[in-house]
Amino acid sequence: MRGPLSGVLVVDLSRALAGPHATMMLGDLGARVVKVEAPDRGDDTRGWGPPFAGPDHDPQSTYFLSANRNKESLVLDLKADSDREILLRLIDRADVLVENFRTGVLERLGLGIDLLMKRNPQLVALSITGFGHDGPEGGRPGYDQIAQGEAGLMSLTGSGPDDPERVGVPIGDLLAGIYGAYGVLAALHERSVTGEGQVVRTSLLAALVGVHAFQGTRWTVAGEIGRAQGNHHPSIAPYGLFRCHDGAVQIAVGSESLWRRLCDGFAIDPSGLSTNTERVNSRERMIEVVEAAFAGWDAAPLLARLADLGVPAGRIRGLDEVYTWDQTRSQGLLIDVEHASLGHLTLPGPPLRFFDPSGHESTPSGHTAPPRLDQHGESLRMWLSEEAR
């Protein structure tokens, strides 16, 4: 597959989600990604389910399918000298190495990052951990829900301060993968100037703290501790979910002019609610006022009315609705691939599109399905042996 990273070889030693998500992003951009997996079961996520797809004798985890498109699979036993030698030959040719082992594991295998970078000084090595590589808790194992709690995200999510909730996807893993890929691209750019590789580090903790945004400065600057408060924004009002006759809609009134439009369009009395500060400080009353104005409306005509007024609004879609929505397909967010045992699959696609200066789309295409375990082992071994001659 051609793309901005065509010609870049990525060796993926990671498993589960943070590292595989990072390497999938690089693969989406055209890099060649070789996923190195352990014998027998491979990546842990191959066994995570249900749901599985395919026959009972050959089940394929849909979890694994979500994070491993555009990769080749090579099984290596890193405790075996012969397989470590194959890995070293692969790393000698690589531009990028990605790993998310616990601190010290690679060193015990004789594959420490410092050793690998001496062999290949141009290597960009991405290392992802749970809570960081150093510090008093640097060696802790990283699991997404634990990190969501430790990094404060669950205290900000839920119906109220006494109802902490995890985000509905493993957001710490995903964000660590995104930040990791971002760091790799920066390091590859710097290598083009200096000719030298470097180590990029991130963690689930760092990724989650990195997206605290205004909730972070709310504490570090203003000394206020943000708490979960359901489906309403802590600093903007009205901004959130509001009930109507047959369900709910969401609105985002981010300026005073939008508030005036909303009031005029629904005959809302703005007394005591004229400014955003007043509305935030009187949140419960503001919600009552807006929901009273919406009470006689069904969601569909209400959304149409809000659109006419120019007030940003939307519905709550289930994932079945998202993936059958014409807008989703129009943005390239679904791709069709052929899997080695499952046949035709439709997968969620990459979230980036590219266009040349004339406006023609140049987004990489020709995606490949997530690989079967060791699907490319023979061809990769043959390639490495030919390269070694």
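Residues numbered from 1 in each chain as written. Predicted model: local features only at pLDDT ≥ 70, side-chain atom pairs only at ≥ 80, totals over all residues. Heavy atoms only, no water.

Asker: Sorry if this is basic, but what is going on with the overall build of the chain here?
Answerer: Each helix and strand in the chain was counted, giving 16 helices and 13 strands. By principal-axis analysis of the C-alpha atoms, the chain measures approximately 80 × 50 × 50 Å. Taking as baseline every contact in the chain between residues at least 6 positions apart, the subset at least 24 positions apart corresponds to 66%. Put simply, the chain shows about 19,800 Å² of open surface, and 53% of that area lies on carbon and sulfur atoms. Distance from the positive charge centre (36 side chains) to the negative charge centre (50 side chains) of the chain: 3 Å. (Helix = DSSP H or I, 4+ residues; strand = E, 2+ residues; numbered from the N terminus. Contact = heavy atoms within 4.5 Å. Areas by Shrake-Rupley, 256 points an atom, 1.4 Å probe, with all protein chains shown as cover. Lys, Arg positive; Asp, Glu negative; His and termini not counted. Charge placed at Lys NZ, Arg CZ, Asp CG, Glu CD.)

Asker: Can you help me understand the sheet that holds strand E7 (residues 124–129) in this one?
Answerer: The strands making up a sheet are joined through hydrogen bonds of the backbone, oriented either antiparallel or parallel. Taken in spatial order, the six strands of this open sheet run E5-E2-E1-E6-E7-E8, and their pairing is parallel. Edge positions in the sheet fall to strand E5 (72–75) and strand E8 (199–203), since each of these pairs with one other strand and no more. Ignoring which end each strand starts from, the neighbouring axes of this sheet average 20° apart. Of the strand pairs in this sheet, strand E6 (residues 96–99) and E7 are connected by four bridges, and their pairing is parallel. Following the sheet pairing, valine 98 is matched in E7 by leucine 126. In the packing of helix H1 (residues 18–28) onto the sheet, contacts are made with strand E1 (9–12), strand E2 (32–37), E6 and E7, and the angle to E1 comes to roughly 165°. Lying on the sheet, helix H3 (residues 81–93) is in contact with E1, E2, E5 and E6; it crosses E1 at an angle near 145°. (Pairing = 2+ DSSP bridges. Axes fitted to C-alpha atoms, helices over the stretch in contact; angles between N-to-C directions.)

Asker: So what exactly am I meant to see when it comes to unusual backbone geometry here?
Answerer: Backbone phi values are negative for most residues with the exception of glycine, while trans is the configuration of most peptide bonds. With an omega of 10°, the peptide bond between glycine 49 and proline 50 qualifies as cis. Of note, the amide linkage connecting proline 50 to proline 51 takes the cis form, showing an omega dihedral of 10°. Considering the arrangement of structural elements, one finds proline 51 in the loop between E2 and strand E3 (52–53). Positive phi is not limited to glycine here, since aspartate 40 has a value of about 75°. Position of aspartate 40 among the secondary structure elements: in the loop between E2 and E3. In this structure aspartate 40 comes out as exposed when scored by relative accessible area, which is 74%. Backbone geometry at asparagine 70 places phi at a positive 60°, although glycine is not the residue there. (Buried < 20%, exposed > 50% of the residue type's maximum accessible area, 1.4 Å probe, protein only.)

Asker: Sorry if this is basic, but what is going on with a nonpolar patch on the surface here?
Answerer: On the surface, Tyr179, Tyr182 and Val211 cluster together into a nonpolar patch covering about 300 Å² of accessible area. Residue placement: valine 211 occurs in the loop between helix H8 (204–209) and helix H9 (214–220). (Patch = residues over 30% accessible without salt bridge, like charges linked within 9 Å, V, L, I, M, F, W, Y side chains within 5 Å. Salt bridge = Lys/Arg side-chain N within 4 Å of Asp/Glu carboxyl O.)

Asker: Is there a simple way to explain helix H13 (residues 299–309) in this structure?
Answerer: An α-helical segment advances 3.6 residues per turn. Residues three or four places apart therefore align on the same side. Within the span of H13, buried status applies to Ala299, Leu302, Leu306 and Leu309. Looking straight down H13, one finds that the buried residues subtend no more than 85° of arc, so they occupy a single side. Facing away from the buried surface of H13 by more than 90 degrees, the exposed residues are Ala300, Ala307 and Asp308. Buried positions along H13 lie against strand E9 (239–244), strand E10 (247–252), helix H10 (256–266), helix H12 (283–294) and strand E11 (313–314). One or two residues past the end of H13 sits glycine 310, with phi positive at roughly 80°. (Arc of directions from axis to C-beta.)

Asker: I'm lost on H12 in this one. Help?
Answerer: An ideal rise of 1.5 Å per residue puts 16 Å on 12 residues; H12 measures up with 16 Å between its terminal C-alpha atoms. If you check which residues of H12 are buried, you get Arg283, Met286, Ile287, Val290, Ala293 and Phe294. Taken end-on, H12 shows its buried residues confined to a sector of 130°, consistent with a single buried face. Facing away from the buried side of H12, by more than 90 degrees, are the exposed residues Glu284, Glu288 and Ala292. On its buried face, H12 is in contact with E9, E10, H10, helix H11 (276–281) and H13. (Expected span 1.5 Å × (residues − 1).)

Asker: Explanation requested: the side chain of glutamate 37 in the structure shown.
Answerer: Checked against the element boundaries, glutamate 37 lands in strand E2. Dropping the residues within four chain positions of it, glutamate 37 is found in contact with Gly42, Asp43, Arg46, Phe64, Ser73, Leu74, Val75, Leu76 and Leu373.

Asker: In this structure, what is going on with the pattern of salt bridges? I would like to understand it.
Answerer: One side chain can pair with another of opposite charge once the charged atoms of both are near each other. Scanning all chains against the criterion turns up 17 salt bridges. Between arginine 372 and aspartate 58 there is a salt bridge, and its shortest N-O distance comes to 3.3 Å. Linking arginine 372 in the loop between strand E13 (343–348) and helix H16 (377–388) with aspartate 58 in the loop between E3 and strand E4 (60–61), this pair joins segments that are 314 residues apart in sequence. By relative accessible area, which is 18% here, aspartate 58 ends up buried. Salt bridges sharing common partners tie together Glu137, Arg140 and Glu150.

Asker: Whenever I open this one, the sheet that holds E10 confuses me. Can you help?
Answerer: Across the sheet, three strands lie side by side as E9-E10-E11; this open sheet has antiparallel pairing. Strands with a single pairing partner mark the edges of an open sheet, and in this sheet they are E9 and E11. Examined bridge by bridge, E9 and E10 share six bridges and lie antiparallel to one another. The residue of E10 that forms the bridge with arginine 243 is alanine 248. On the sheet, H12 packs against E9 and E10 and is oriented at approximately 45° with respect to E9.

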